[in-house]
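# Structural overview for review
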Amino acid sequence: MLHGRLHELAALDRLTDSTRDGRGDILVIHGEAGSGKSALLEYARGRCDGIRVLRYVGVASERDIPFASLQLLLADVAGAVEPGAVNARAVGAGAVKASGVKAGAVEAGVVEALPAPEATALHRALVGGVPVVGRQRLLVGMAVLSLLGRLAESTPLLCVLDNLECLDRASADALGFAARRLRDLPVSILAASRVAVPPRHGPFPTMRLGALDSGAAHALLDEQVSDLSERARTLVVERACGNPLALIELVRALTPRERAGEVSPFALRCRSQVEFIEPVRQLPPGTRTMLALAAAECTGVLDTVLRGGQLLGLGPEELGPAEDAGLIQVGDGSLTFPHPLIRAAAYTACTRDSRLAVHRALATASDTQTDPATHAWHLALSAAAPDEAIAADLERAAPDCGDATLAMYQYAARLSREPRAGARRLMKACRTASAAGRLSLAADLADRADRAAPPTGESTAGAGGSPTGARAQVRGPARAAGRYLIEGARLIADEDPHRASAMLTQALRGAWLAADAALAARCADALSAAASRAGAASRTGSTTGAASTAGTQPAAGAVARAAHALVGLLNQDPAGYPSLRAALPDLVAHSPDHLLTGWAQLAVLDPVAAGSSAGSAIARPETGAGPAGLLEATRIFVHAKLLAGRYEEAETHLGHAVGRHGGGQNTRPLDTLRAVLAAVRGDAAGCAWLAGGAAGADDASDSVGRWALGLAGLGRADHATALEPLTEADHPVVAWSRLADLIEAALRCGQADRAARLLDQFTECARQVGAPRIDAALARCRGLVHQDGERLAEAVDLAERTGHPFEHARGLLAYGQWLRRSRQRARARTVLRLAAEAFDGLGARPWADQVRTELRAAGDVRQAASGPLTPQEREVVRLAARGATNRQIAATLFISPRTVGYHLYKAYPKLGVESRRQLLRLDVVRDGVTGDGIPNGGTANGPTTNGGTTNGGIPNRGVVR
């Protein structure tokens, strides 16, 4: 998949579609090496069903050979340019690629059609042996234009040119001559170049291929490796500067330990990319060392590089050869590399001893007061063997939290001479990973600490206990972690009841997200026991100290009551809803865990309160579990916005969150929420990609993803496809949304009995929860199942009162459909126009398309056009309306009769006609056709009259029954 290139892919889709429609186009893509130009060309070739493709891949060594590039492009058709001609050059490098079109099928006709002077000139250019000069060059350009036009007579043609910068001058002139005259031919040119097109070849439409954004870069890394730590991921994304090839090469060069996070920010390598490493190896030794200094320094500060070079006995003049070779750019106190892989190659090309010396010099040149972490890192990377003093410096320089802290603790452990010191540093890394929610990495670090030193003694006491105990709290998936949290809470319940209660609440959240009713029940029982102990101690003044339990009993009691209600919901017991609603006031008042409160409020359909609780957790991150808690709070906040129909706000917060958390594996639960937005807006491919990529994060996230897939199916009116994912989305967090959608999908698939059973279930759940938000969806479902117009009208009113724009629009659509089927077409058009306006305002394209289909079926002539007529289609329609035959039109417009038929085939549905006879009724002869494709004279004067057509002459086709 091509990540982060939606705009570019859309441009290629437009180009191939216009080519297939008989309209030639030109597009030149330019960007740096490794930016993905060739991948885009391959994407375009894959969309060429019914289009013949001529392909050229530039060869740098042939740049000075006249017409070498043209010969490669025309290799498979060049032999037919002149009867009996023998191609002296090898064929095959520019092989014709086509889908459904046989190569060579039209060459015989091309030979007969080319004028003799043009055929002779082109033969001389391609076969060689006779110089092509003067007027002959003009004839070559004309021959190329004629040849491409004749090849495209029966089948549209696309010329794909890769490495355009390798075109020889003569070929560039001939192709440029032809390209500037292709406007009215079904021939398109798609080219890719590392540099912008020279003015003498243009002007042609260009598209610059920029760097990938952060989200796309992380998605590409996810596609390459599955075990990449956030530390390594962040560094690779930062160093690659959005270049796809650099991302792939840098991550492939990482060792297993580096992929796990034990990677320095100053020591990224790449594989042996000859294109980048060979120029570095050809430099003088001193210049190579200065380049390695610049690559390892990585901030681009020239002064630091020069000071490091001075310590190694090298002066600024050593940078000259690298600058002359275009490997670096120096100016304004900065030193930069023009391509991220040149930086990696400069570091990789050095010997091990040179790299150690480079880091030693940079450690000395860095400021230990203002940037101790940089000094400590370079010092650590200069160590050829374990060094306790350097390890201690790196440990002290580590910040309080984050991925950098994790990497520094791990590297410090690696440099430790004493096993116990190494185990202590690994345990610090374990705690850091656990706080970030990276349980599997924390478990691995605890294992390593256990192997490094026995789990007893004082070595690990300062790091939070023995590796075995820490491992018990962090190992495995959420369910296993929850069991360990419950056991840990039991062990510390007497000495630290507050902490024990917090651990139980955290375990309960994990059980809720994992849909583990048994684990949630254990948490609820443990919380009830904790509340009872705290209450007894408070009443009796127990010697354990009333002060130690002060405030524990109300919080534990509130959480326990909410926990038992959540267990009921996980067991699909509707009675859990009133219990949870009753427990919420105490939960809000006494529980410090805003995250659990937010999930409970989402469960009872109170998105405003849930958003407030999540906002409190975001504003006070110390109450959560570090970055993992902040991510969970964001997840609740965005889900609340979606539940309230505030899609623009949800999208804004999702964008900020993905940028803040770095994307990739970190934000998989957020991707399913992004999938919901994609489903609403008609991006089926994006929805499927986001939902599929986030699979396995937890059960709640999986259910949101399945609901999104079902919603996307409903938007496309593909109800059979929607049915399965909606059935599988069974977590309570999406219960209401998926149940309403499942009823509609089942009904549209002809499963009326199932829809009725689901409606009974929905009705009972709605009675238990008692939330106004659900009443509108329930009324809509009742109206759909019973075909009750009054219920559907009620659904519209309820949705408008609750302020949910998407539910309101869907209610209008359902009501408008019922009105049309009840033959109340005038009222149906009024309601459906409101629905179209509402969906358009939300950016819900597939739903708006459904409405317009209904409007056409209801006789709204303004909705008859499916798109504007192209200029060529307009001319063909104008001549056909005058009574011209296909052959007469073809002769007038210099196109083939087959192309005329194709244009009419495309124009008829846009005009709402099915034959030439109906075309003659339209007033296109005198007034033409309006720019939006609607015939002048078409009206919207009510229902159909005779012949199944509207008063404007447009047939009433495709009526939904």
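In the nomenclature of an unreviewed UniProt entry, the protein chain corresponds to HTH luxR-type domain-containing protein from the organism Rugosimonospora africana.

This part takes up the packing of aromatic side chains. What the rule picks out here adds up to eight aromatic pairs. When the ring of Trp377 is compared with that of Tyr411, the centres are 5.5 Å apart and the planes differ by 65°; the resulting orientation is edge-to-face. Separated by 34 residues along the polypeptide, Trp377 in helix H19 (residues 372–381) and Tyr411 in helix H21 (residues 403–415) bring together distant segments of the chain. Grouping residues by exposure puts Trp377 and Tyr411 together as buried. Considering the side-chain rings of Tyr815 and Trp818, the 6.3 Å spacing of their centres and the 10° angle between planes classify their relative orientation as stacked. Placement of the pair is Tyr815 and Trp818 together in helix H43 (residues 805–821), with a separation of three residues, close to one helical turn. Judged by relative accessible area, Tyr815 falls into the buried class, the value being 12%. Among the aromatic residues, ring-to-ring pairing joins Tyr647, Phe806, Phe839 and Trp847 into one connected group. The side chain of Arg181 reaches across the aromatic face of Phe177, ending 3.8 Å from its centre.

Core analysis: the biggest nonpolar cluster contains 122 residues, and Leu580, Phe762, Phe806 and Phe839 have the highest contact counts within it. Per element, the largest residue contribution to this core is ten residues, and it comes from helix H29 (residues 552–570). Other than its neighbours up to four places away in sequence, Leu580 contacts Ala562, Ala565, Leu566, Leu569, Ala600, Ala603 and Val604. Membership of the second largest hydrophobic core comes to 51 residues, among which are Ile248, Ile277, Ala296 and Leu327.

This part covers the packing of helix H11 (residues 244–252) against helix H17 (residues 340–348). Interaxial distance between H11 and H17 falls to 9 Å at its minimum, and their mutual angle equals 30°. Classified by the angle between their axes, H11 and H17 sit roughly parallel to one another. For the pair H11 and H17, the contacting residues are Leu245, Ala246, Glu249 and Leu250 in the first and Pro340, Leu341 and Ala344 in the second. Among the residues making up the contact of H11 with H17, the classes are represented as six nonpolar, no polar and one charged.

Attention shifts here to the packing of helix H9 (residues 214–224) against helix H10 (residues 230–240). For the pair H9 and H10, interaxial distance at closest approach is 10 Å and the crossing angle is 120°. Classified by the angle their axes make, H9 and H10 are oblique. For the pair H9 and H10, the sense of crossing is right-handed. Across the interface between the two elements, Ala217, His218, Leu221 and Asp222 from H9 touch Arg233, Val236 and Val237 from H10. In terms of residue class, the contact of H9 with H10 is made up of four nonpolar, one polar and two charged.

Side chains carrying opposite charge are able to pair once their charged atoms draw close together. One pass over the full model with this rule turns up 31 salt bridges. Where Glu153 meets Arg150, a salt bridge forms, and the shortest distance between an N and an O atom there is 2.7 Å. Take Glu153: its relative accessible area is 40%, and that puts it in the partly exposed class. Relative accessible area serves as the criterion here: at 37%, Arg150 is assigned to the partly exposed category. As a salt-bridge pair, Arg810 and Asp741 come within 2.8 Å of each other at their nearest N and O atoms. Taken together, the positions of Arg810 in helix H43 and Asp741 in helix H39 (residues 735–748) put the pair 69 residues apart, joining distant regions of the chain. You'll find Arg810 and Asp741 in the same group, each marked buried. One network of salt bridges, in which partners are shared, links Asp741, Glu744, Arg780, Glu807 and Arg810.

So, on to the environment of Asp173. On the secondary structure map, Asp173 appears in helix H8 (residues 169–179). Looking at Asp173, the relative accessible area reads 31%, which means it is partly exposed. For the pair Asp173 and Phe67, spaced 106 residues apart in the sequence, the C-alpha separation amounts to 9.5 Å.

Spanning 15 residues, helix H30 (residues 576–590) covers 21 Å between terminal C-alpha atoms, matching the ideal 21 Å at 1.5 Å per step. For H30, the principal kink sits at Leu584 and spans about 35°; a proline, Pro585, occurs within the next four residues. Buried within H30 are the following residues: Gly576, Tyr577, Leu580, Ala583, Leu584 and Leu587.

This part covers the side chain of Glu297. In this fold, Glu297 is placed in helix H14 (residues 285–297). The buried charged residue Glu297 lacks any salt bridge partner; its closest oppositely charged side chain belongs to Arg343, at an N-O distance of 6.1 Å. Among the polar contacts made by the side chain of Glu297, one reaches the main-chain amide nitrogen of Gly300 at a distance of 2.9 Å.

Glancing now at the pairing of strand S5 (residues 187–193). Burial analysis of S5 places seven of its seven residues in the buried class, the great majority of the element. Neither face of S5 is open: one carries Val187, Ile189, Ala191 and Ser193, the other Ser188, Leu190 and Ala192, and all of them are buried. Sheet topology note: the strand S4 (residues 157–162)/S5 ladder contains five bridges and is parallel. Across the sheet, Val160 pairs through a bridge with Leu190, a residue of S5. Traced from S4 through H8 to S5, the parallel crossover comes out right-handed.

In this section: unusual backbone geometry. Not every positive phi belongs to a glycine, and Ala515 is a case in point at roughly 55°. Secondary-structure assignment places Ala515 in the loop between helix H26 (497–513) and helix H27 (517–540). On the basis of relative accessibility, which here comes to 30%, the residue Ala515 falls in the partly exposed class. Phi at Gln787 is positive, roughly 50°, even though this residue is not glycine. Counting through the fold element by element, Gln787 comes out in the loop between helix H41 (772–786) and helix H42 (789–802). By relative accessible area, which is 44% here, Gln787 ends up partly exposed.

Parameters at a glance
- Residues numbered from 1 in each chain as written.
- Predicted model: local features only at pLDDT ≥ 70, side-chain atom pairs only at ≥ 80, totals over all residues.
- Heavy atoms only, no water.
- Phe/Tyr/Trp six-rings, centres within 6.5 Å; stacked < 30°, edge-to-face > 60°.
- Helix = DSSP H or I, 4+ residues; strand = E, 2+ residues; numbered from the N terminus.
- Buried < 20%, exposed > 50% of the residue type's maximum accessible area, 1.4 Å probe, protein only.
- Lys NZ or Arg CZ within 6 Å of the ring centre and 35° of its normal.
- Core = buried A, V, L, I, M, F, W, Y, C linked by side-chain atoms within 4.5 Å.
- Contact = heavy atoms within 4.5 Å.
- Axes fitted to C-alpha atoms, helices over the stretch in contact; angles between N-to-C directions.
- Parallel < 35°, antiparallel > 145°, perpendicular 65-115°, else oblique.
- Nonpolar A, V, L, I, M, F, W, Y, C, P; charged D, E, K, R; others polar.
- Left-handed = near helix turned anticlockwise from the far one by under 90°.
- Salt bridge = Lys/Arg side-chain N within 4 Å of Asp/Glu carboxyl O.
- Expected span 1.5 Å × (residues − 1).
- Bend = angle between axes of the 7 residues up to and from the residue.
- Lys, Arg positive; Asp, Glu negative; His and termini not counted.
- Polar contact = N/O pair within 3.5 Å; in protein donor to acceptor, adjacent residues only side chain to side chain.
- Pairing = 2+ DSSP bridges.
- Right-handed = clockwise from strand over helix to strand, strands pointing away.

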